[in-house]
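# Structural overview for review
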Amino acid sequence: AQTDIFTTCECSKYAFPGSEGGLSDCAVSENPYSSPQPHSPRQHSTSCPGRAYRHTSSSSSSEQSCRNNSVTAKAKGRIYGHGITASYGEMCYHDNSLVSASLEALIQHLVPTVDYYPDRSYVFTFLLSSRLFLHPYELMTRVCHLCVEQQRSGDALLDKIRFREVAPKLVQLLTEWTETFPYDFRDERMMRCLKDMTHHVARGDEVTMQQMTQRLIKRLSALGQYEEAVAALNAVALERPASLKSKQASGQRSDVMSVCDDPFILAQQLTHIELDRLSFIGPEEFIQSFAMKDPLENHKGFFRKRKTSNLEAYINWFNRLSYLVATEICMPVKKKHRARIIEFFIDVAQECFNIGNFNSLMAIITGMNMSPVARLRKTWSKVNTDKFEILEHQMDPSSNFSNYRTALRGATQRSETAHSSQEKIVIPFFSLLIKDIYFLNEGCASRLPNGHINFEKLWELAKQVSEFLVWRQVICPFDRDRRILQYLVTTPVFSEDELHLASYESEGPENNMEKDSRRSLR
């Protein structure tokens, strides 16, 4: 049986950003990749394995990147076809694109100086995937330490002046970190390190640091409230008595069409819930879902605690919606009513497709294909299934969901050239997105035989996750209907056994296997 994890308008102020008392002012910081950037992972498609063709912003960028230990090293270049592969100390490039480096060199490359600041796409990429190799706290400590040490000259006064010159860029780096990966700062050591750096910067930068910290605390507070309410509502759902054992016991229960009989309106409310859930998923959760496979010394507890809680809650919402659809279909006593509910959800699924809400679309299709629903042959005989077959074809898993991927590309292109807020909506089939990232991680080595980090893989991970960040930041343009939202996230749903029992009560068993199944359920 699936767990009901949901949020409600009634039980929490923050439940839906933009509603009264919501998070419209602190829900999600601006994604640096929402528009094309010179080095955006979204702009340059990379493959793994293969070569990443990522052009730097100036001809001197690669030389700038090879400062510190490798700045005095003479580059060794080799020509491969139409590209040039060059090695600067411990950093290797192909056509000015970083493809591999030692972990130490990558950390050094992140450290700003008076006349150098790492490219934003590099900052995002390394902060995202560095947790595969070391704990975020360790990375932050080393970056801050290097930034301070690089300014030391033996003269205390001169050191202070030099650090104040580089401080604005360090503050910029920490701002990008806190805004894009706020979850990292749930670790008290990260917050202490952030506080310590505030004392090192000049007064003007200190104010900036304090403002940054206040925004971070506000964001973490909102995240904490969201997660606590999800957990509390989940606990209530688990304690709910099994009151839906049969249709007779649920005879007084409202059905979805009594709450909303307009498929477009219901699809809009589903989109509200989807975008709300997406807004609370941290980009690092995609990486941390498999980060524990790598040794993390004594810091494994960090990833156990709230490692992927919002990502998991979103997947649970998909499961809940699938079971809600199946429950609504199996519950009615009369065949014509069941057929009307099926046709209604087909229309809702069509509207979800038109909006670009592929996650709700797939959840509805999944619910309608569950065994207790699919076996209702007499009911399905009363349904015009033409539209449903078209939708199933769009989400057909064959050829690695090629039809869906084509539709997703179309929705993404529409979003990039959108003339209205509705056209910006892209909600991917989330389980497939996670699967793609998982297989990218499994299919490509994180380290090369020479011990270097395979940065081509990290570019590709960042490309996929940054695309999600663009989708996540869209504000839903539709009006909210509290009654419908409340129904969608709180109405009881049948468990798997209850679904089978309700299905048999609708249309009796057709073979011995089904008869045995019904007997065991009773």
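Residues numbered from 1 in each chain as written. Predicted model: local features only at pLDDT ≥ 70, side-chain atom pairs only at ≥ 80, totals over all residues. Heavy atoms only, no water.

Naming follows an unreviewed UniProt entry, where the chain appears as RasGEF domain family, member 1Bb of Dicentrarchus labrax.

Another point: the environment of Lys424. Inspection of the secondary structure assignment puts Lys424 in the loop between α18 (398–416) and α19 (430–443). Considering only alpha carbons, one finds Lys424 and Ile475, 51 residues apart in sequence, at a separation of 8.9 Å. Excluding anything up to four places from it in sequence, Lys424 contacts Ser415, Ala418 and Val474. (Helix = DSSP H or I, 4+ residues; strand = E, 2+ residues; numbered from the N terminus. Contact = heavy atoms within 4.5 Å.)

The next subject is the confidence of the model for the chain. Mean pLDDT for the chain: 80, with 75% of residues reaching 70 or above. Here helix α1 (residues 61–65) is the element of the chain with the lowest mean pLDDT, 35, and helix α14 (residues 358–368) is the one with the highest, 98. A low-confidence stretch, residues 1–81 stays under pLDDT 50, and its non-local contacts, those more than four residues away or across chains, total 206 contacts. In this model, residues 293–306 is a region of pLDDT below 50 whose contacts with residues beyond four sequence positions or in other chains number 25 contacts. (pLDDT = per-residue confidence, 0-100.)

In total, this model carries 19 aromatic pairs according to the counting rule given. Taking 6.1 Å as the distance between ring centres and 75° as the angle between the ring planes, the aromatic pair formed by Trp177 and Phe185 counts as edge-to-face. On the basis of relative accessible area, Phe185 is assigned to the buried category, the value being 1%. Ring geometry for Tyr438 and Phe439: centres 5.3 Å apart, planes at 80°, overall edge-to-face. An aromatic cluster is built from Phe318, Phe353, Phe358, Phe401, Tyr404 and Phe429, whose rings are joined through pairwise contacts. The ring of Tyr183 has Arg186 lying over it, and the distance from NZ or CZ to the ring centre is 4.6 Å. (Phe/Tyr/Trp six-rings, centres within 6.5 Å; stacked < 30°, edge-to-face > 60°. Buried < 20%, exposed > 50% of the residue type's maximum accessible area, 1.4 Å probe, protein only. Lys NZ or Arg CZ within 6 Å of the ring centre and 35° of its normal.)

Right, let's get into the packing of α19 against helix α20 (residues 455–472). For the pair α19 and α20, the least separation of the axes is 10 Å and the interaxial angle reads 170°. Taken together, α19 and α20 sit at an angle that is classed as roughly antiparallel. Here α19 contributes Phe430, Leu433, Asp436, Ile437, Leu440 and Asn441 to the contact with α20, which in turn contributes Lys457, Glu460, Leu461, Gln464, Val465 and Phe468. Split by residue class, the contact of α19 with α20 holds 7 nonpolar, 2 polar and 3 charged. (Axes fitted to C-alpha atoms, helices over the stretch in contact; angles between N-to-C directions. Parallel < 35°, antiparallel > 145°, perpendicular 65-115°, else oblique. Nonpolar A, V, L, I, M, F, W, Y, C, P; charged D, E, K, R; others polar.)

Counting buried positions over the 11 residues of α14 gives 10, a clear majority of the element. Every buried residue of α14 is listed here: Phe358, Asn359, Ser360, Leu361, Met362, Ala363, Ile364, Ile365, Gly367 and Met368.

Moving on, we get to a nonpolar patch on the surface. A surface patch of nonpolar side chains, amounting to about 280 Å² of accessible area, comprises Leu157, Leu158 and Ile161. Looking at where Leu157 falls in the secondary structure, it is placed in helix α5 (residues 156–180). (Patch = residues over 30% accessible without salt bridge, like charges linked within 9 Å, V, L, I, M, F, W, Y side chains within 5 Å. Areas by Shrake-Rupley, 256 points an atom, 1.4 Å probe, with all protein chains shown as cover. Salt bridge = Lys/Arg side-chain N within 4 Å of Asp/Glu carboxyl O.)

The next point concerns unusual backbone geometry. Notably, Asp95 is not glycine yet its phi reads approximately 50°, a positive angle. In this structure, Asp95 sits in the loop between β3 (91–94) and β4 (97–101). Under the relative-accessibility criterion, Asp95 is labelled partly exposed at 22%.

With that out of the way, let us pick up the side chain of Thr379. Tracing the chain through its elements places Thr379 in helix α16 (residues 377–380). Among the residues examined, Thr379 registers a relative accessible area of 0% and is labelled buried. Here the side chain of Thr379 touches Arg338 through a polar contact of 3.0 Å, side chain to side chain. (Polar contact = N/O pair within 3.5 Å; in protein donor to acceptor, adjacent residues only side chain to side chain.)

A separate point is the pairing of β4. In terms of burial, β4 is largely enclosed, as 5 of its 5 residues are buried. The antiparallel hairpin formed by β3 and β4 contains 2 residues in its connecting segment, where Asp95 sits at a positive phi of about 50°. With 2 bridges joining them, β4 and strand β5 (residues 453–454) adopt antiparallel strand pairing. Following the sheet pairing, Ser100 is matched in β5 by Asn454. (Pairing = 2+ DSSP bridges.)

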